[in-house]
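Here are the chains, one letter per residue:
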Amino acid sequence: MSNKKRPFVFLCTGMSLDGKISNYKKENSPISSDDDREMLYDARVRADAVAIGGNTLRFDASGLTVKSEKRRKERTDQGKGPEPHKVVFISDANDVKLGGNFFNKGEGKIFVFTTARTEKEKIKELEKKAFVHVGRGKKVNLEKALEILHGKGVETLMLEGGGEIIYSFLEKNLVDEINLKIGNLILGGRETATLVGGKGFDIPHAKKIEFLRVETFPNHIIIKAKII
Ligand SMILES: NC(=O)c1ccc[n+]([C@@H]2O[C@H](COP(=O)([O-])OP(=O)(O)OC[C@H]3O[C@@H](n4cnc5c(N)ncnc54)[C@H](OP(=O)(O)O)[C@@H]3O)[C@@H](O)[C@H]2O)c1
């Protein structure tokens, strides 16, 4: 971890056997034939806040809630709010619509990290629903964003995806733990989002993984790992 204070960041994402996190239609796609998302909802219990990238907000505006009264109670028993806060990293938010689940479901606070590429009028609109931080530069400065979140009491951040934002977190060495569900479907598609997008890593910079736990179920595998 760097010297600056930031939340513990854990990745929690589902992918198909061939590494796809959506399908070629950019749908919120099942990655296994049971389509059981309990792992995801359970993981949200642990998080002070759940984070997504801009495209995930655009294509798949989920409420990012824990989905059950039992999990809400688990959170309040731990002294947390009933639902995690929600965070989006979106450099250019001009096309974002405020009517969807992300901005309207759940009781957690909403944090939007954007840049001056988002027009002032849009920022004002977003501020009606969220804390908005407007950074310099073309893309959101993730280290700065994490520092701000930590200052707002976020000690554990769950990063759900998609692939572009995961790449940026990995590139900056900001991922502390990986939780992955690998489903029994093959989705294919050369343009389909994969677990890690971005430019990619060459051999010296490839992230090396230590597997901490592997659990096998009839329709999926769950892997817990960390970067070494
Ligand atoms: N299976 C799962 O568990 C799971 C989980 C989450 C998402 N998904 C899927 O993933 C797909 C989207 O993935 P994606 O890879 O296309 O996009 P993404 O990672 O969700 O979002 C990428 C966008 O994030 C914004 N961003 C802001 N700061 C950034 C930074 N420092 N580095 C990188 N990006 C930054 C950029 O927005 P601007 O365009 O404004 O610059 C960029 O275009 C969706 O179809 C969604 O359903 C699946």
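Everything here concerns the structure above.
So, here is what we can say about the structure in this document. Computed from a prediction, not measured in an experiment: that's the story for all the values here.

With that out of the way, let us pick up the site of the ligand. Lining the immediate surroundings of the ligand are 25 residues, of which Gly-14, Thr-56, Asp-92, Ile-165 and Ser-168 lie closest. Arg-58 places a polar side-chain atom, nitrogen or oxygen, 3.0 Å from an oxygen atom of the ligand. In this structure, an oxygen atom belonging to the ligand sits 3.0 Å away from a main-chain N or O atom of Gly-162. Taken by itself the ligand offers 940 Å² of open surface, and the protein chains cover 89% of this. Of all the secondary-structure elements, those providing two or more residues to the shell around the ligand are β1 (8–15), α2 (54–59), β6 (156–161) and α7 (163–171).

A word on a nonpolar patch on the surface. Residues Ile-209, Phe-211 and Val-214 make up a contiguous nonpolar surface patch of about 290 Å² in total accessible area. Its place among the elements puts Phe-211 in strand β8 (residues 209–216).

Below, the discussion takes up the nonpolar core. In this structure, Val-87, Phe-89, Phe-113, Leu-149, Leu-157, Leu-159 and Phe-169 are the most contacted members of the largest nonpolar core, which totals 31 residues. By residue number, the principal contributor to this core is helix α6 (residues 142–151), which donates five residues. If we ignore the near neighbours within four places in the chain, the residues touching Val-87 are Ala-49, Val-50, Ala-51, Ile-52, Phe-102, Phe-111, Phe-113, Leu-149 and Leu-157. Counting 24 residues, the second-largest nonpolar core is a separate cluster that includes Met-39, Phe-103, Ile-123 and Ala-130.

Turning our eyes to something else, we now look at the environment of Asp-48. With respect to the helices and strands, the residue Asp-48 is situated in the loop between α1 (38–46) and β2 (49–53). Here the alpha-carbon distance between Asp-48 and Arg-75, two residues 27 residues apart in the chain, equals 9.4 Å. Dropping the residues within four chain positions of it, Asp-48 is found in contact with Arg-75, Lys-80, Pro-84, His-85, Gly-153, Val-154, Glu-155 and Thr-156. Within the structure, the side chain of Asp-48 is placed 2.9 Å from the backbone nitrogen of Glu-155, a separation counted as a polar contact.

Turning our eyes to something else, we now look at the pairing of strand β7 (residues 177–183). In terms of residue burial, β7 counts as a mostly covered element, since seven of its seven residues are buried. The side-chain alternation of β7 yields two buried faces, one formed by Glu-177, Asn-179, Lys-181 and Gly-183 and the other by Ile-178, Leu-180 and Ile-182. Where β7 meets strand β9 (residues 220–227), six bridges bridge the pair, whose relative direction is antiparallel. When the sheet's bridge partners are listed, Ile-182 is paired in β9 with Ile-221.

Conventions adopted
Residues numbered from 1 in each chain as written. Predicted model: local features only at pLDDT ≥ 70, side-chain atom pairs only at ≥ 80, totals over all residues. Heavy atoms only, no water. Near = heavy atom within 4 Å. Polar contact = N/O pair within 3.5 Å; in protein donor to acceptor, adjacent residues only side chain to side chain. Areas by Shrake-Rupley, 256 points an atom, 1.4 Å probe, with all protein chains shown as cover. Helix = DSSP H or I, 4+ residues; strand = E, 2+ residues; numbered from the N terminus. Patch = residues over 30% accessible without salt bridge, like charges linked within 9 Å, V, L, I, M, F, W, Y side chains within 5 Å. Salt bridge = Lys/Arg side-chain N within 4 Å of Asp/Glu carboxyl O. Core = buried A, V, L, I, M, F, W, Y, C linked by side-chain atoms within 4.5 Å. Buried < 20%, exposed > 50% of the residue type's maximum accessible area, 1.4 Å probe, protein only. Contact = heavy atoms within 4.5 Å. Pairing = 2+ DSSP bridges.

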